[in-house]
Structures are given as C-alpha cells and as structure tokens.
Amino acid sequence: HSPPEQPGDKPSETGEVQRKEVCHWPCRCPPVPACTPGVSLVKDGCGCCKVCAKQAGEPCNEADVCDPHKGLYCDYSEDEPRYETGVCAYLVAVGCELNGVYYANGQTFQPNPLYKCLCVSGTIGCTPVFTPRLAGSPCTRVTGRKKPGQSICSLGQHKQLQSTNYRLMSAYRSLPLVLKKKCLIQATPWTPCSRTCGIGISSRVTNDNRKCEMKKEKRLCFIQPCLTNILKKIKVPKGKTCQPTFQLPTAEKLVFSGCSTTQRYKLTFCGVCLDKRCCIPNKSKMITVQFECPNEGFFRWKMMWITSCVCQRICSAPGDIFSQLKLL
C-alpha cells in the first residue's frame with residue numbers, strides 16, 4: 001500500500017503526490033567530511049557538496065547518493081507513488097573469484113587478517129582492518145620500581161598492542177630510492193610467478209620510465225620445468241632435505257604462446273625439498289629474450305633470470321595478492 005502523505009506533500013492538478021524538494025541553490029556546504037575506509041567521497045546528487053556516499057541498505061534520495069564505486073543505486077520501488085526516499089541496493093552483476101573461492105556480487109569477506117574486501121561486479125576492492133586504540137595510556141602502570149627507559153607495559157599488554165596496532169608497509173619499497181632525471185624511482189614488488197612450472201608471467205607497478213609515470217610492467221618467469229616426476233630428475237645431496245637449484249643437462253629453446261626463442265638457454269631453476277619447504281627465487285637479474293613465431297615475425301619479452309634460490313617454510317600460492325603482507 002502507498003505510504004501516508006506527509007504534511008509537506010501537495011497533490012498536483014493531476015492528483016499525483018509531488019516529491020519534496022531536497023536540493024536548494026545557491027549551494028551551502030558544510031566542511032568536507034572524513035569518510036570511513038572503504039566509503040567513497042562523492043559530490044551529492046544536487047551537484048553541490050562533497051558527501052560520504054550511502055552504503056548498501058542505507059536510505060537515499062535525490063541528494064544523498066549511493067556509492068557509485070560499489071555498483072549501488074537508489075531503489076525507490078517501496079516508496080510508491082512519491083518515489084522520494086529509497087534504499088541503496090546492488091545492481092545485478094557477476095561475482096568475483098579469489099584463490100579458487102567464489103564470492104557473490106556485493107559480498108564482504110576477509111581473506112587476510114589485515115584486509116577486509118568487497119566484491120563489486122567482478123572486481124575486488126580491499127581496505128585495511130583497523131582496531132582503534134583504547135583512550136588514555138595504552139598500558140597500565142605495573143607496580144614496582146622501573147629502570148630509566150624501561151617499558152611500563154606488561155608482557156600480555158605488549159602482545160595486545162602488537163596485535164591491534166600496526167602500520168602497513170609502503171607499497172613501493174622493492175627498489176632503492178634513486179633519483180633519475182628528477183624522478184624518484186619507485187616500484188612494487190614483483191608478484192609471484194603465475195605458474196609453478198613452465199613459463200609464467202609476473203608483474204609490478206613502477207615509474208621507471210621516461211615520463212616517470214606509474215605503469216604496470218610485466219616479465220616472463222620460469223621457476224621450474226613441468227616434469228612428471230621431478231624428484232627423480234633432481235639429486236638431493238646425502239644428509240640434506242633440499243636442493244635449492246638445478247639445471248637441465250643441455251641448453252634448450254624456450255616456448256611461449258606457440259613461439260620459440262631464437263637462442264638456446266641453460267636456465268637455473270629452483271629445486272625441491274623432501275620436507276614441506278618450498279624453493280623460491282632469491283636472487284635474479286633481468287634479461288631480454290627474442291621469440292620467433294611461424295609466419296608471424298619476432299617479438300621480445302623481458303625475463304627473470306634466476307641466479308639463486310632459497311628454501312623456506314613460508315609458501316604462497318601463485319596469484320596470492322596478500323603474500324607480501326606482514327605484521328610489523
């Protein structure tokens with residue numbers, strides 16, 4: 001049934017209920033608000049002021065707009081016939097997939113202790129999870145005399161502070177800070193290779209280019225060849241549980257997308273362990289390889305040339321976007 005008329009509603013000549021005016025000009029804007037992490041700061045529906053966008057399930061109207069970056073729209077279907085006040089709802093769209101897990105459009109999930117994520121139309125957006133620090137002194141004074149400079153936190157309070165107060169590592173930290181032609185060179189770490197065997201791709205974002213612009217850079221990576229029983233091909237030294245690196249007996253051409261390299265390469269690969277450890281590249285350099293395609297000419301790719309590997313217990317799956325996150 002239709003909602004009751006409000007005192008400000010006036011029937012029009014056709015008998016329809018008129019909508020209440022929510023926009024007023026000239027614009028008078030309050031100070032720009034500080035939105036919570038994950039909430040977009042947008043211009044209101046009147047085209048006047050910066051406001052925090054309404055989220056799913058919150059009321060909305062012509063002025064209070066729903067968050068456009070999350071695929072939300074104002075659903076006025078329950079406010080017939082005025083269509084004045086609605087509720088923010090998600091547009092019908094596809095879900096998202098992360099590390100083999102499927103999430104519905106609009107679903108909030110936390111695949112990592114440091115980040116809370118949201119699926120919007122096939123795209124995943126993540127924001128840090130912050131735990132507010134208690135007001136006042138973070139630690140209660142411990143009875144007894146303390147030496148100068150000694151902390152007044154008990155052991156349990158230290159653990160609590162470590163778990164609730166942290167800082168995020170800088171995104172652009174893998175390259176040393178170098179000034180090249182008035183450009184401060186920065187870059188994200190290379191992502192893990194997209195394949196555990198065979199030729200894959202890893203990427204990073206860097207401004208190491210002529211225009212000093214942050215751009216995505218890709219390179220080929222070849223961690224291990226795809227061998228049926230790799231333990232039979234690699235000899236682990238007696239008394240050891242790991243062989244960090246190995247090479248194939250002969251140099252071979254590399255094959256990528258149906259094309260092969262013009263030269264033969266004897267690559268260094270990361271080895272295997274008899275325990276649960278995994279071997280990952282430790283040191284590498286960048287080379288350029290040229291591929292020749294049948295009846296299609298040549299093309300060049302940058303490629304990671306492994307010089308050494310290290311065996312460790314911390315193993316991450318290819319494509320794990322949280323593999324570089326750590327608590328500090």
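For the structure, check the block above.
All of these numbers come straight from a predicted model, not from anything done at the bench.

## Section: the packing of aromatic side chains
Considering all chains together, one arrives at seven aromatic pairs under this definition. Judged by centre distance (5.7 Å) and plane angle (75°), the rings of F256 and W301 are edge-to-face. Placement of F256 in strand β16 (residues 255-256) and of W301 in strand β20 (residues 297-312) is noted, with a sequence separation of 45 residues between them. Seen in terms of ring centroids, Y265 and W305 are 6.2 Å apart; in terms of plane orientation they differ by 65°. Their pairing is edge-to-face. With a gap of 40 residues between them, Y265 in the loop between β17 (259-261) and β18 (269-273) and W305 in strand β20 connect regions that are remote in the sequence. Taking relative accessible area as the criterion, Y265 reaches 14% and is therefore assigned buried. Members of the aromatic cluster, each reached through a chain of ring pairs, are F256, F291, F299 and W301. Above the ring of W190, the side-chain terminus of R219 is found at 4.1 Å from the ring centroid.

## Focus on the environment of T36
Of note, T36 is situated in the segment before β1 (41-43). Among the residues examined, T36 registers a relative accessible area of 51% and is labelled exposed. Considering only alpha carbons, one finds T36 and C52, 16 residues apart in sequence, at a separation of 8.5 Å.

## Points about the state of the cysteines
For the structure on display, the rule yields twelve disulfides. Each sulfur of the disulfide joining C27 and C48 lies 1.9 Å from the other. The sign of the S-S torsion, about -60°, decides the handedness of the disulfide formed by C27 and C48: left-handed. Separated by 21 residues along the polypeptide, C27 in the segment before β1 and C48 in the loop between β1 and β2 (50-52) bring together distant segments of the chain. You can call C27 partly exposed: its relative accessible area is 38%. Given a relative accessible area of 17%, C48 falls into the buried group. Bridging C193 to C221, the disulfide has an S-S length of 2.1 Å.

## Remarks on the sheet that holds strand β8 (residues 108-112)
The three strands are arranged β8-β9-β10 in an open sheet whose pairing can be described as antiparallel. Across the chains shown, the open sheet's two edge strands, defined by having one partner strand only, are β8 and β10 (123-128). Neighbouring strand axes in the sheet, compared pairwise and without regard to direction, differ in orientation by 35° on average. Bridge analysis of strand β9 (residues 115-120) against β10 gives six bridges, and the strand direction is antiparallel. Residue pairing across strands places V120 opposite T123, the latter belonging to β10.

About the cut-offs
- Residues numbered from 1 in each chain as written.
- Predicted model: local features only at pLDDT ≥ 70, side-chain atom pairs only at ≥ 80, totals over all residues.
- Heavy atoms only, no water.
- Phe/Tyr/Trp six-rings, centres within 6.5 Å; stacked < 30°, edge-to-face > 60°.
- Helix = DSSP H or I, 4+ residues; strand = E, 2+ residues; numbered from the N terminus.
- Buried < 20%, exposed > 50% of the residue type's maximum accessible area, 1.4 Å probe, protein only.
- Lys NZ or Arg CZ within 6 Å of the ring centre and 35° of its normal.
- Disulfide = S-S within 2.5 Å.
- Pairing = 2+ DSSP bridges.
- Axes fitted to C-alpha atoms, helices over the stretch in contact; angles between N-to-C directions.

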